[in-house]
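Commentary on secondary and tertiary structure
Residues per chain, in single letters:
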Amino acid sequence: MEAIRMEAVTTSFFGYGAINLLSSELKKRGAKRALIVTDQFLYESGVANKVGDVLLTANMEYAIYYLVQPNPTVEVVNECINAAKALDIDWLVAVGGGSSIDTSKAVSIVLANGGNVEDYEGIDKSGKAGIPIVAVNTTAGTGSEVTTFYIVTDAKRHSKMCMVDKNCKVTIAVNDTQFMVGMPKGLTAATGMDAMTHAVEAVLSNKSNPLTDKDALWAIRTIKDYLPRAVLNGNDLEARDQMAYAQYVAGMAFSNGGLGMVHAMAHSLGGMYNLPHGICNAVLLPHVMRFNGVNKTAANFKKIAIALQIPNAKQMSEREVITKSIDYMIHLSKEVGITQNLAQLKANPEDFENLGTLAIKDACMQDNPIMPTKEEVVKVYHEAYQGFI
Ligand SMILES: [Fe+2]
């Protein structure tokens, strides 16, 4: 067994009303001025100001930046950096899902280290810890509040930059179910399948270890049980709570255990067409599982099949356990109403060569259990374009 490094120091609050625990924590830490980083919907629906009210009870001043978009760009990050500098803030408060949290991480790193966000693409490129971040998570998928990853889109190149950096960790994470009950079905499904992909990739990753497996396998079982319920009835508080836990531990698992080819390909795809990250993952996941499903990985597929409670999984052959796990992911994705192929997402097969070139270079690819050739990646894009027939 090789030596293991684990990063897990975020202070985290969970449950309905957990936001109320934030005020005393911020007071203890001496926070003074914050920039809330959010999107227009969460600003206009009053969620951002609700969090702002909590900051006021901690005797903090705050301003709100509310122009974060899905797949946040370098431009958005730069606008936030300028606002943060002008306001002389000492904390960032992300309100939203992965887009708001990742934007805050990028801003935090640039404020502390200088330079431009592009300088930090890759692994551990910054020299010191970013300025502190509160992440008030309003979706259940990215796990960004507990990972050392963030993604920023370079709109000029139509591609995503993947940053893996131990200095970008969120200081305080709030997973308050009251902010998740309003999530529409499509967003619940897409973010939930993102969490499932994190867990599956963490188990198959060549950096997985018993500690990351423990979290990832629990997340797989929990998402299987509760994602369909959360999609069916957004007010099912038990399902919302369980999904909040599952996406969090899936985040811990992949932050330490790595991701793989699904995310490498999804980053390129989402960057090219500005598609939702969770949908890209859900469509690609079974195709990449088929590519990764070889004797070398069969033992890990068996763990996944057991976590999915596939009948007789323990007794199944290597081939069967791989096939059944793939079938289950297709079934789950259909059940929660997700598109089944890249043709429906209006991807253009003429772009697949370029997408393959970008995916091979993505930081997530090196964790995949098998290093594919560019031609193999392009072939998987074509298979996902057709879908399983
Ligand atoms: Fe993801």
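Nothing here was measured: the structure is a model prediction, and the numbers come from that model. (Residues numbered from 1 in each chain as written. Predicted model: local features only at pLDDT ≥ 70, side-chain atom pairs only at ≥ 80, totals over all residues.)

1. Section: the nonpolar core
Core analysis: the largest hydrophobic core is formed by 134 residues, its most contacted members being Ala34, Val93, Ala199, Ile220 and Met265. If you tally residues by element for this core, the top one is helix H6 (residues 185-204), at 11 residues. When residues of this core are assigned to domains, at least three map to each of domain 1 (11-179) and domain 2 (185-386). Residue contacts for Ile220: discarding those within four places in its chain leaves Met196, Ala199, Val200, Ile304, Ala307 and Leu308. (Core = buried A, V, L, I, M, F, W, Y, C linked by C-beta atoms within 7 Å. Buried ≥ 20, exposed ≤ 12 C-beta atoms within 10 Å, placed from the backbone. Helix = DSSP H or I, 4+ residues; strand = E, 2+ residues; numbered from the N terminus. Domains from an automatic or database assignment. Contact = placed C-beta atoms within 7 Å.)

2. A word on the sheet that holds strand E5 (residues 122-123)
As a general point, the strands of a sheet are linked pairwise by backbone hydrogen bonds and lie either parallel or antiparallel. The sheet built from three strands is open, its strands ordered E5-E8-E7 with mixed pairing. Strand pairing shows two members of the sheet lacking a second neighbour, E5 and strand E7 (149-154), which therefore form its edges. Alignment of E5 against strand E8 (residues 159-164), held across two bridges, turns out to be parallel. Opposite Gly122, over in E8, you have Met163 as the bridge partner. Against the sheet, helix H9 (residues 261-273) touches E7 and E8, its axis set at about 140° to E8. (Pairing = 2+ DSSP bridges. Axes fitted to C-alpha atoms, helices over the stretch in contact; angles between N-to-C directions.)

3. Points about unusual backbone geometry
At Asp88, a position not held by glycine, the phi torsion is positive, near 55°. Take Asp88: it is sitting in the loop between helix H4 (74-87) and strand E4 (91-96). Among the residues examined, Asp88 registers 8 C-beta atoms within 10 Å and is labelled exposed. Not every positive phi belongs to a glycine, and His158 is a case in point at roughly 55°. With respect to the helices and strands, the residue His158 is situated in the loop between E7 and E8.

4. With respect to the sheet that holds strand E1 (residues 11-14)
Spatial ordering of the open sheet is given by E1-E9-E6-E4-E2-E3, a layout of six strands whose pairing is parallel. Taken across any chain shown, the strands that pair with only one partner, and hence form the sheet edges, are E1 and strand E3 (61-65). Within the sheet, the average angular offset between the axes of one strand and its neighbour, ignoring direction, is 15°. Bridging between E4 and strand E6 (residues 133-137) involves five bridges; their strand directions are parallel. From the neighbouring strand, Gly96 faces E6, where its bridge partner is Asn137. Each of strand E2 (33-37), E3, E4 and E6 touches helix H3 (residues 47-57); the most contacted strand, E4, lies at about 145° to it. Against the sheet, H4 engages E2 and E3, with an angle of about 160° to E2.

5. Side note on helix H11 (residues 298-307)
Among the residues making up H11, those that are buried are Asn300, Phe301, Lys302, Ile304, Ala305 and Ala307. On its buried side, H11 packs onto H6, helix H7 (210-232) and helix H12 (318-335). Looking one or two residues beyond H11, the residue adopting positive phi is Gln309, at roughly 55°.

6. Some details on the domain arrangement of the protein
By a widely used convention, the size of an interface equals the accessible area lost when the partners come together. Per the domain assignment, the segments making up the protein are domain 1 (11-179) and domain 2 (185-386). For domain 1 and domain 2, the distance between their C-alpha centres works out to 25 Å. Listed by partner, the interface residues are 28 residues for domain 1 and 32 residues for domain 2. Elements represented by at least two residues in the side of domain 1 that touches domain 2 include exactly E5, E7 and E8. Considering each element in turn, the side of domain 1 that touches domain 2 owes the most residues, four residues, to E8. When the residues that make up the side of domain 1 that touches domain 2 are grouped by side-chain class, the tally is 10 nonpolar, 17 polar and one charged. (Nonpolar A, V, L, I, M, F, W, Y, C, P; charged D, E, K, R; others polar.)

7. Points about the environment of Gln344
Note that Gln344 resides in the loop between H12 and helix H13 (352-361). The spacing of Gln344 and Gln386 is 42 residues in sequence and 9.4 Å in space, taken between C-alpha atoms.

8. Notes on the packing of H6 against H11
The N-to-C vectors of H6 and H11 enclose an angle of 145°; their axes lie 9 Å apart at closest approach. Handedness of the H6/H11 crossing: right-handed. The segment H6 lies against H11, with Val200, Val203 and Leu204 engaging Asn300, Lys303 and Ile304. Residues of the contact of H6 with H11, tallied by class, amount to four nonpolar, one polar and one charged. (Left-handed = near helix turned anticlockwise from the far one by under 90°.)

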